[in-house]
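Chain and residue survey
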Amino acid sequence: MALGFHRTLEAGDFDAFEALFTTDAINELPFHSPVSPAEFVGAKAIADDYRKMISNRRDLEFTIHTVTTDSSADRVILEFSGRSIIGETGALYEQDYVGVFTIEGSQISRLRLYADPQRAAKALQPIR
């Protein structure tokens, strides 16, 4: 499920991306930028936010560095990086992430995503 998160975004398949999440899923951004709220609630809200952020990206690519699983807590922790060209500005956006995915059944019920908020704000300000 956690790897599907990256592959559906790279493919730009936002319907498949939304289907990865439970209806009441929460996407938390503990270190959110000033251009983003601290959390999104619900699969549709999560997918709509990503659709808004990356619909115009080119060459979107994620690299998974480490995968840690905690089956007793139904959790997967991924360290990954992403890079893309922001269509609105033509700028290269690169970011490192730690994602804590909580899996419920075969869907993501909670995602806590850690990233550098200053880098995100600088890159995403023109499109938010």
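Residues numbered from 1 in each chain as written. Predicted model: local features only at pLDDT ≥ 70, side-chain atom pairs only at ≥ 80, totals over all residues. Heavy atoms only, no water.

Things to note about the overall build of the chain
For clarity, the threshold we go by: A run of DSSP states H or I qualifies as a helix once it reaches four residues; a run of E qualifies as a strand once it reaches two. Both are numbered from the N-terminal end. We compute the radius of gyration from the C-alpha atoms alone; for a globule the expected value is 2.2 Å times N to the 0.38, where N is the number of residues.
Of the regular secondary structure elements, the chain holds four helices and six strands. Its helices and strands taken in sequence order, the chain reads α-α-β-β-α-β-β-β-β-α from the N to the C terminus. Taken over the C-alpha trace, the chain has a radius of gyration of 14 Å; the compact-globule value for 128 residues is 14 Å, and the two agree within 12%. With respect to the three principal axes, the spread of C-alpha positions in the chain is 45 × 30 × 25 Å.

Describing the sheet that holds strand β2 (residues 39–41)
The line we're drawing: By definition, two strands form a pair when at least two bridges between them are found by DSSP. Axis lines are fitted through C-alpha atoms, for helices just across the contact stretch, and the angle between N-to-C directions can take any value from 0 to 180 degrees. Contacts are assigned to residue pairs that have any heavy atoms within 4.5 Å of one another.
Judged by pairing direction, the sheet is mixed, and its six strands sit side by side in the order β2-β1-β6-β5-β4-β3 without closing on themselves. Of all strands in the sheet, those bounded by a partner on one side alone are β2 and β3 (57–70). Taken over all neighbouring pairs, the strand axes of this sheet differ in orientation by 20° on average, direction set aside. Across seven bridges, strand β5 (residues 92–104) lies against strand β6 (residues 107–114) in antiparallel orientation. Each bridged residue has a counterpart across the sheet, and for Glu104 the counterpart in β6 is Gln107. Against the sheet, helix α1 (residues 2–11) contacts β1 (21–28), β3, β4 (75–86), β5 and β6, and its axis sits at roughly 180° relative to β3.

What about the confidence of the model for the chain?
Interpreting fine coordinate detail is not advised for predicted regions of low pLDDT. Selection rule: On a range of 0 to 100, pLDDT expresses the predictor's confidence in each residue.
Looking at the chain as a whole, its pLDDT mean stands at 88, while 94% of the residues score no less than 70. Model confidence for the chain, summarised as mean pLDDT per element, is weakest for helix α4 (residues 117–124) at 73 and strongest for β1 at 97.

Description of the pairing of β3
Two elements, β3 and β4, share 11 bridges in a ladder whose sense is antiparallel. Across the sheet, Arg57 pairs through a bridge with Ile86, a residue of β4. The antiparallel pairing of β3 with β4 creates a hairpin that spans four residues between the two strands, and Asp74 there sits at a positive phi of about 50°.

As for the pattern of salt bridges
Put simply, the rule reads: For salt bridges, the criterion is a side-chain nitrogen of Lys or Arg within 4 Å of an Asp or Glu carboxyl oxygen. The buried label goes to any residue with under 20% of its type's maximum accessible area, the exposed label to any with over 50%, and the partly exposed label to all in between, with areas taken from a 1.4 Å probe on protein chains only.
Going through the model one piece at a time under the given rule, you end up with eight salt bridges. A salt bridge links Arg112 to Glu28, with the shortest nitrogen-to-oxygen separation between them at 3.1 Å. With Arg112 in strand β6 and Glu28 in strand β1, this pair connects stretches of sequence that are 84 residues apart. The class of Arg112 is partly exposed, set by a relative accessible area of 32%. Because the salt bridges share partners, they merge into one network encompassing Asp15, Lys44, Asp48 and Arg51.

Some details on α1
For an α-helix, 3.6 residues make a turn, and residues three or four places apart therefore share a direction. Residues of α1 that are buried: Ala2, Phe5, His6, Thr8 and Leu9. A positive phi of about 70° marks Gly12, the residue just after α1.

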